[in-house]
Amino acid sequence: MRSGDWQGRRVFLTGHTGFMGGWLTTYLMIRGAEVHGFALTPPTDPSFFDVTGLGARMASSTIGDVRDLDSLTRAMRAAAPEVICHLAAQPLVLPAFEDPKTTFEINVMGTLNLMQAAREQEGLAAMLLVTTDKVYFNQNWHWPYRENEPLGGREPYSASKVASEMVISAYANSYLDGVGIAALRVGNIIGGGDWARHRLIPDAVRCFSNGAPLVLRHPHATRPWQHVLDPLPGYLALAEALLHDPSGFSGGWNLGPIQRDCQPVDRVAYLMTEAWGGSACVAETGASDIYEETFLSLDSSKATQRLGWAPRWNLETAIARSVEWYQAAAAGQDMAALTQAQIDAFDKAG
């Protein structure tokens, strides 16, 4: 990756107040990018955005809703971006099951509004749109999905993301000729600063911090776990490739972990108890009638071969770094500095 390519580059990033959006914003700014964010207020309290003081360090931070085309268009026009990164979403399976209408409005119409606003942007050259590993029509088989596998969703969250990819494809083929446009499918992201409910690591942090056992919803569900930093060099390498060869690098891309790190929930929970220490423990598993896929993994050989990207931190390291971040936050440490230190350590591992 040619890090100099990002010095002074104008980036419009939706979802910057969220967990992954906050880390990507930080990563881009370290490389010299001028990042303009557009998102709702932070979705949790506390949040990565607030505890790292991210808003004060960005080129601009606009609070807005991707369902509001006018405000989104105004903010994008003011940013005058060369690169757009779209991460704004309703990203959780259980809330999607409870409120499918809002999930589809945000994930589908929000993406449509972004693509519509992008049509008016002179100088726009590349778009990265983060969807999910759950867009594949899951057969629950034990080999990884490639980018040419059929898409499909059996529950509201995955279906909304599949629909958003259809929107991306339609606009890319119909209205945005010459702009490199990629849909990014990453694994189950973990790392410090995620306080969302109904996610394994944040739920574990809440339980362990309160001296309570962690109750698992689907202990044998296997997922492709990866640290939030791991796909980010791939994002930047892909954006640079899109800038130089839009048609050659547009389309879907997997950026998932190695197969060894596709582990069942109960294994990850056990590793969390080891890393956390003290009285951290897992209780008898709970029950859920919400449909979730049993097995999911990604084949990222396309990104490895064409972008030179590969994961850097294995599952054990990802969990250890996550625990380090949460425990430092609880101790009142400077979390912007710790985040920078973790990024430095990650870069040295590359």
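Each chain carries its own residue numbering, running from 1 in the direction its sequence is written. Reporting in this predicted model follows two pLDDT cut-offs: at least 70 for local features of residues, and 80 or more for side-chain atom pairs to be given and counted; totals over whole chains, interfaces and linings ignore these cut-offs and use all residues. In computing side-chain values, all of the structure's heavy atoms are included and hydrogens and water are not.

A.B. asks: So what exactly am I meant to see when it comes to the overall build of the protein here?
C.D. replies: Numbered from the N terminus, helices here are DSSP runs of H or I no shorter than four residues, and strands are runs of E no shorter than two. The secondary structure content of the protein amounts to 13 helices and 10 strands. Along the first, second and third principal axes, the C-alpha set of the protein runs to 55 × 45 × 40 Å. Exposure classes here rest on a 1.4 Å probe applied to the protein chains alone. A residue is buried below 20% of its type maximum, exposed above 50%, and partly exposed in between. Counting all 350 residues of the protein, 55% fall into the buried class. Sequence-distant contacts in the protein: of pairs separated by 6 or more residues, those separated by 24 or more amount to 81%. In the form shown here, the protein has an accessible surface area of approximately 14000 Å², with 50% of it arising from carbon and sulfur atoms. Taking the average location of the 27 positive side-chain charges in the protein and that of its 37 negative ones, the two points are 2 Å from each other. Contacts are assigned to residue pairs with any non-hydrogen atoms lying within 4.5 Å of each other. To measure how exposed things are, a 1.4 Å probe is used in the Shrake-Rupley method; for residues, cover is taken only from the protein chains shown. In this count, Lys and Arg are taken as positive residues and Asp and Glu as negative ones, while His and the chain termini are left out. Every charge is mapped to an atom, namely NZ of Lys, CZ of Arg, CG of Asp or CD of Glu.

A.B. asks: What is the right way to look at the pairing of strand β6 (residues 180-186) in this model?
C.D. replies: Working note: regular strand, side chains alternate between the two faces of the sheet. With seven of seven residues buried, β6 is to be regarded as a mostly interior element. Strand pairing is defined by DSSP finding a minimum of two bridges between the two strands. Across five bridges, the pairing between strand β5 (residues 126-130) and β6 is parallel. Looking at β6, one finds that Ala-126 is bridged to Gly-180. Viewed with both strands pointing away, a crossover whose connecting path from the first strand over the helix to the second turns clockwise is right-handed. Running through helix α6 (residues 156-174), the crossover from β5 to the neighbouring parallel element β6 is right-handed. Sheet topology note: the β6/strand β9 (residues 251-255) ladder contains five bridges and is parallel. In the strand pairing of β9, Arg-185 is matched with Asn-254.

A.B. asks: Sorry if this is basic, but what is going on with helix α10 (residues 265-276) here?
C.D. replies: Residues three or four positions apart in an α-helix share a direction because the helix packs 3.6 residues into each turn. Under the convention used throughout, the expected extent of a helix is 1.5 Å for every residue step, that is, one less than its residue count. The first and last C-alpha atoms of α10 sit 16 Å apart over 12 residues, in line with the 16 Å expected at 1.5 Å per residue. Listed in full, the buried residues belonging to α10 are Val-265, Val-268, Ala-269, Leu-271, Met-272, Thr-273 and Trp-276. Where α10 is buried, its residues contact α7 (200-209), β8 (222-227), β10 (262-264) and α12 (315-330). Within two residues after α10, Gly-277 carries a phi angle of roughly 80°, on the positive side.

A.B. asks: Is there a simple way to explain the packing of helix α1 (residues 19-30) against helix α8 (residues 232-244) in this structure?
C.D. replies: For any two helices packed against each other, the geometry is given by the interaxial angle and the distance between the axes. All axes are obtained by fitting lines to C-alpha atoms, using only the stretch in contact for helices, and the reported angles, taken between N-to-C directions, cover 0 to 180 degrees. At a minimum axis separation of 10 Å, α1 and α8 run at an interaxial angle of 60°. Classed by the angle they form, the pair α1 and α8 counts as oblique. Crossing of α1 against α8: the hand is right-handed. The segment α1 lies against α8, with Met-20, Trp-23, Leu-24, Tyr-27 and Leu-28 engaging Leu-232, Pro-233, Tyr-235 and Leu-236. Gly is put with the polar residues, along with every residue not named as nonpolar or charged; the nonpolar set is Ala, Val, Leu, Ile, Met, Phe, Trp, Tyr, Cys and Pro, and the charged set is Asp, Glu, Lys and Arg. Its residues placed into classes, the contact of α1 with α8 shows nine nonpolar, no polar and no charged. Relative orientations are named as follows: roughly parallel for angles under 35 degrees, roughly antiparallel for angles over 145 degrees, roughly perpendicular for angles from 65 to 115 degrees, and oblique for any other angle. Take the far helix as your reference; a near helix turned counterclockwise from it by less than a right angle gives a left-handed crossing, and one turned clockwise gives a right-handed crossing.

A.B. asks: How should the packing of aromatic side chains be read in this particular structure?
C.D. replies: Where two aromatic rings form a pair, the distance of their centres and the angle of their planes describe that pair. Stacked, tilted and edge-to-face pairs are distinguished by plane angle, under 30 degrees for stacked and over 60 for edge-to-face with tilted covering the rest, among Phe, Tyr and Trp rings (Trp via its six-membered ring) whose centres lie within 6.5 Å. This model, assessed by the stated rule, comprises 13 aromatic pairs. Aromatic rings pair up to connect Trp-23, Phe-48, Trp-195, Trp-325 and Tyr-326 into one cluster. Above the face of the Trp-6 ring, Arg-9 is positioned so that its terminal group lies 5.7 Å from the ring centre. A cation over a ring is seen here: Lys-302 above Trp-253, with NZ or CZ 4.2 Å from the ring centre. To sit over a ring, a charge needs its Lys NZ or Arg CZ within 6 Å of the ring centre and within 35 degrees of the ring normal.

A.B. asks: Would you explain the sheet that holds strand β7 (residues 188-190) in this entry?
C.D. replies: With respect to topology, three strands assemble into an open sheet ordered β7-β8-β10, the strand pairing being mixed. With partners counted over all chains shown, the strands left at the sheet margins are β7 and β10, one partner each. Ignoring which end each strand starts from, the neighbouring axes of this sheet average 50° apart. Pairing of β8 with β10 involves three bridges; the strand directions are antiparallel. Within β10, the residue paired with Arg-223 across the bridge is Gln-263.

A.B. asks: How should I be thinking about the sheet that holds strand β3 (residues 60-63) in this particular structure?
C.D. replies: In a beta sheet, neighbouring strands are held together by backbone hydrogen bonds and run either parallel or antiparallel to one another. On the basis of which strands lie adjacent, the open sheet formed by seven strands has the order β3-β2-β1-β4-β5-β6-β9 and parallel pairing. Edge strands, defined here as strands with exactly one partner in the open sheet, are β3 and β9. Taken pair by pair, the neighbouring strands of this sheet meet at an average axis angle of 20°, ignoring direction. Here four bridges tie strand β1 (residues 10-14) to strand β4 (residues 83-86), and the two strands are oriented parallel to one another. Each bridged residue has a counterpart across the sheet, and for Leu-13 the counterpart in β4 is Cys-85. Along the sheet, helix α3 (residues 69-79) makes contact with β1, β2 (34-39), β3 and β4, crossing β1 at roughly 160°. Across the sheet, α8 is in contact with β4, β5, β6 and β9; its angle to β5 comes to roughly 145°.

A.B. asks: Please explain α1 as it appears in this structure.
C.D. replies: End to end, α1 covers 17 Å across 12 residues, agreeing with the expected 16 Å (1.5 Å per residue, within 8%). Burial analysis of α1 places 11 of its 12 residues in the buried class, the great majority of the element. Looking at α1, one finds that the buried residues are Phe-19, Met-20, Gly-21, Gly-22, Trp-23, Leu-24, Thr-25, Thr-26, Tyr-27, Leu-28 and Met-29. Gly-32 sits one or two positions beyond α1 and adopts a positive phi of about 95°.

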